[in-house]
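Residues per chain are reported as follows:
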Amino acid sequence: MTTDTVWEGKYLSVRKAGTWEYAERKGRITAAVIVAIDAQGQLLLVEQHRVPLGRTCLELPAGLVGDDSAGESVAEAARRELEEETGYHAAVVEERGEFFSSPGMTSESFTLVLATGLTRTGEGGGDEQENITVHRVAPEAVQGFVAAKRREGVAIDAKMLLLLGSGLIAEVTGEPVA
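Reading the values: the criteria
- Residues numbered from 1 in each chain as written.
- Predicted model: local features only at pLDDT ≥ 70, side-chain atom pairs only at ≥ 80, totals over all residues.
- Heavy atoms only, no water.
- Helix = DSSP H or I, 4+ residues; strand = E, 2+ residues; numbered from the N terminus.
- Rg over C-alpha atoms; globule rule 2.2 N^0.38 Å.
- Buried < 20%, exposed > 50% of the residue type's maximum accessible area, 1.4 Å probe, protein only.
- Contact = heavy atoms within 4.5 Å.
- Areas by Shrake-Rupley, 256 points an atom, 1.4 Å probe, with all protein chains shown as cover.
- Lys, Arg positive; Asp, Glu negative; His and termini not counted.
- Charge placed at Lys NZ, Arg CZ, Asp CG, Glu CD.
- Phe/Tyr/Trp six-rings, centres within 6.5 Å; stacked < 30°, edge-to-face > 60°.
- Lys NZ or Arg CZ within 6 Å of the ring centre and 35° of its normal.
- Pairing = 2+ DSSP bridges.
- Axes fitted to C-alpha atoms, helices over the stretch in contact; angles between N-to-C directions.
- Polar contact = N/O pair within 3.5 Å; in protein donor to acceptor, adjacent residues only side chain to side chain.

A. Representation of the overall build of the chain within the structure. Along the backbone of the chain there are four helices and eleven strands. Its C-alpha atoms give the chain a radius of gyration of 17 Å, within 12% of the compact-globule value 16 Å for 178 residues. Seen through its C-alpha atoms, the chain measures out along the principal axes to roughly 50 × 35 × 35 Å. Counting every position in the chain, which comprises 178 residues, the buried fraction comes to 38%. Taking all contacts inside the chain whose residues are at least 6 apart in sequence as the whole, residues at least 24 apart take part in 58%. Surface summary for the chain: the accessible area is close to 10000 Å², and the carbon and sulfur share equals 51%. In the chain, 17 side chains carry a positive charge and 28 a negative one; their mean positions are 5 Å apart.

B. Structural detail: the packing of aromatic side chains. The tally for this structure, following the rule as stated, stands at one aromatic pair. Ring geometry for Phe99 and Phe110: centres 5.6 Å apart, planes at 20°, overall stacked. Of this pair, Phe99 sits in strand β8 (residues 88-100) while Phe110 sits in strand β9 (residues 109-120), and the two are eleven residues apart along the sequence. Phe99 gets classed as partly exposed once you look at its relative accessible area, which sits at 30%. By relative accessible area, Phe110 is classed as buried at 6%. We note Lys159 situated over the ring of Phe110; from NZ or CZ to the ring centre the distance is 5.6 Å.

C. Main features of the sheet that holds strand β7 (residues 62-65). Judged by pairing direction, the sheet is mixed, and its four strands sit side by side in the order β7-β4-β9-β8 without closing on themselves. The two strands at the open ends of the sheet, each matched to only one other strand, are β7 and β8. The mean angle between the axes of side-by-side strands here comes to 30°, regardless of whether they run parallel or antiparallel. As paired strands, strand β4 (residues 30-36) and β7 are joined by four bridges and run antiparallel to one another. For Thr30, the partnering residue across the bridge sits in β7 and is Val65. Across the sheet, helix α1 (residues 74-86) touches β4, β7, β8 and β9, and the angle it forms with β8 is around 120°.

D. Layout of the side chain of Thr86. Relative to the elements of secondary structure, Thr86 occurs in helix α1. We classify Thr86 as buried; its relative accessible area is 0%. Looking at Thr86, its side chain comes within polar contact range of the main-chain oxygen of Leu82, at 2.6 Å. Looking at Thr86, its side chain comes within polar contact range of the main-chain nitrogen of Tyr88, at 3.3 Å. Setting aside chain neighbours within four positions, we find Thr86 in contact with Leu44, Val46, Pro61, Arg120, Gly122, Glu123, Gly124, Gly125 and Val134.

Given below as structure tokens:
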């Protein structure tokens, strides 16, 4: 099937293949999405304004792999982004698999990683263009925390479903997985 570029910007392209129209990150750059558990067993979540939504969004820490340096590994990107966004450095980063964000609309993929052995190195908050709020949430309180944020009008990133329904939190905290 022939693929045509409909529009191209600095970071994204809109492509058409037959009747399908979809967005593609230029250079096929992927992302690392981080489930980070600190020494007290708290899960690190981030909240930041997202321009396409016009409001803040509750998310797992995440970032692009190789956007600043070619050849960057998923683990390197995860450590860099976790420290930038949350102020924590991870001693251990374990890849949990590749996932696709919205395969009917975009080719974007991400690798889910588990980050442990965290050391506080700073305040976090992102770079000069970001204004990230870091939340430390007990794993058993995640569902209620997400519900409360939703009631406040905060958008909830779909990747939060990885925590709410996958049994991942139970696995990393040693609880029996149903």
